[in-house]
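# Architecture at a glance
What follows is each chain in one-letter form.
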Amino acid sequence: MTYFPMFLKLENAPCLVAGGGAVALRKVKTLLSSGAEITLVAPEIVPELEKFPRVHLVKRRFCPEDLEGMTLAVAATDEADVNREIARLCRGLRIPVNVADQPEEGTFVFPAVLQKGSLTIGVSTGGASPAAAVYVKEKIAAVLSGEDENFQEILDYLAQMRPIVKQEVAEPHRKALFLRLFDLCMEKNRPLTQDEWVALRQEGKMP
C-alpha cells in the first residue's frame, strides 16, 4: 500500500485515542510531541497515561459521539472489531484515522520520526515493517549527527530570509536564489553576513 507523505499541523488540535494500553501510550507520546490536545477513551488505562496533564482521560468504552469535533483519531483498543468500527465511522466523517493493529483499515500510518531542531523527517514502510522504518530513521540520524551544529542556525536564518526574498525578488528568480542561498550557507557552514547577502543579490543581476 502506498501512502502520500504529508505533515499535519496538530498544535492545539483535538485528537482522539481509543485504547489505554502500551500501544495507545506510544501513540499519545507521538501526538503530544506535535502539540495535540488529546482525549483518550478506554475502560482500563495504564498508569503512565495518567501522568500527562494535556491528556483528557475518559474511563469507559468508545462511543461514536467521541469523534465529534476531532481532527484526527487513533484506534488502539485490544478489540479488532471496535477498531474497525472506529475506522469505518472516521471514514464516513472524513476524519484521518490510524488503526494500530490493522493499518490497512485506517487512512494514515505513523512514520518513524526524526526531529533535529526545526528539521523533521518521517520514514514509513506503509505499515509493512515499523522495525525497518526505525532502522532507516536511525541510519539518517547517524548521517545527520555528523553535520555541524550550525545546521539549525542556518535553518533559522533561511526561515528569516524567506519573507525578505519573497518581497524583494521577482517570482521567476526566487527558486534559484533560495537554492543558491542554501548552498552558500552550507558551504560556509553558517548564515551569510549582510555584505554576503548583498553580493548574492547582485550575482547575475537578479531583480
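Located above this text is the structure these notes cover.
First, a word on scope: everything that follows refers to the structure included in this document. Computed from a predicted structure; not experimentally measured.

### Observations regarding the sheet that holds strand S3 (residues 55-58)
Sheets are built from strands that pair by backbone hydrogen bonding, the pairs being arranged parallel or antiparallel. Taken in spatial order, the five strands line up as S3-S2-S1-S4-S5 in an open sheet, and their pairing is parallel. The sheet is open, and its two edges are formed by S3 and strand S5 (97-99), each paired on a single side. The mean inter-strand angle of the sheet, taken between neighbouring strand axes irrespective of direction, is 15 degrees. With five bridges connecting them, strand S1 (residues 14-18) and strand S2 (residues 37-41) associate as parallel partners. In the strand pairing of S2, leucine 16 is matched with threonine 39. Across the face of the sheet, helix H1 (residues 22-32) comes into contact with S1, S2, S3, strand S4 (72-75) and S5 while running at roughly 165 degrees to S2. Across the sheet, helix H2 (residues 80-93) touches S1, S4 and S5, and the angle it forms with S5 is around 160 degrees.

### Details of the pairing of S1
Most of S1 sits inside the fold, with four of its five residues counted as buried. Here S1 runs beside S4; their pairing, made up of four bridges, is parallel. The residue bridging leucine 16 from the neighbouring strand is alanine 73, located in S4.

### Section: the packing of aromatic side chains
For any pair of aromatic rings, the description consists of the separation of the ring centres together with the inter-plane angle of the planes. Summed over the entire model, instances satisfying the criterion amount to one aromatic pair. The interplanar angle of 50 degrees and the centroid separation of 5.4 Å between the aromatic rings of phenylalanine 108 and phenylalanine 110 together place this pair among those described as tilted. Against the face of phenylalanine 178 rests arginine 162, its NZ or CZ located 4.5 Å from the ring centre.

### Thoughts on the packing of helix H5 (residues 171-188) against helix H6 (residues 194-202)
Working note: a packed helix pair is described by the angle between its axes plus the distance between those axes. Viewed as axis vectors pointing N to C, H5 and H6 meet at an angle of 140 degrees, and their least axial separation amounts to 11 Å. On the basis of the axis angle, H5 is oblique to H6. Judged by the twist between their axes, the crossing of H5 over H6 is right-handed. Every residue of H6 that contacts H5 at Leu177, Arg180, Leu181, Leu184 and Lys188 is listed here: Glu196, Trp197, Leu200 and Arg201. Taken together, the residues that form the contact of H5 with H6 break down as five nonpolar, no polar and four charged.

### Quick look at helix H4 (residues 150-168)
Taking 1.5 Å per residue as the helical rise, H4 with its 19 residues ought to reach 27 Å, and the 26 Å between its terminal C-alpha atoms agrees with that figure. The sharpest bend along H4 comes to roughly 30 degrees, located at methionine 161, with the proline proline 163 sitting one to four residues further on. All buried positions along H4 are accounted for by Phe151, Ile154, Leu155, Tyr157, Leu158, Met161 and Val165.

About the thresholds
Residues numbered from 1 in each chain as written. Predicted model: local features only at pLDDT ≥ 70, side-chain atom pairs only at ≥ 80, totals over all residues. Heavy atoms only, no water. Pairing = 2+ DSSP bridges. Helix = DSSP H or I, 4+ residues; strand = E, 2+ residues; numbered from the N terminus. Axes fitted to C-alpha atoms, helices over the stretch in contact; angles between N-to-C directions. Contact = heavy atoms within 4.5 Å. Buried < 20%, exposed > 50% of the residue type's maximum accessible area, 1.4 Å probe, protein only. Phe/Tyr/Trp six-rings, centres within 6.5 Å; stacked < 30°, edge-to-face > 60°. Lys NZ or Arg CZ within 6 Å of the ring centre and 35° of its normal. Parallel < 35°, antiparallel > 145°, perpendicular 65-115°, else oblique. Left-handed = near helix turned anticlockwise from the far one by under 90°. Nonpolar A, V, L, I, M, F, W, Y, C, P; charged D, E, K, R; others polar. Expected span 1.5 Å × (residues − 1). Bend = angle between axes of the 7 residues up to and from the residue.

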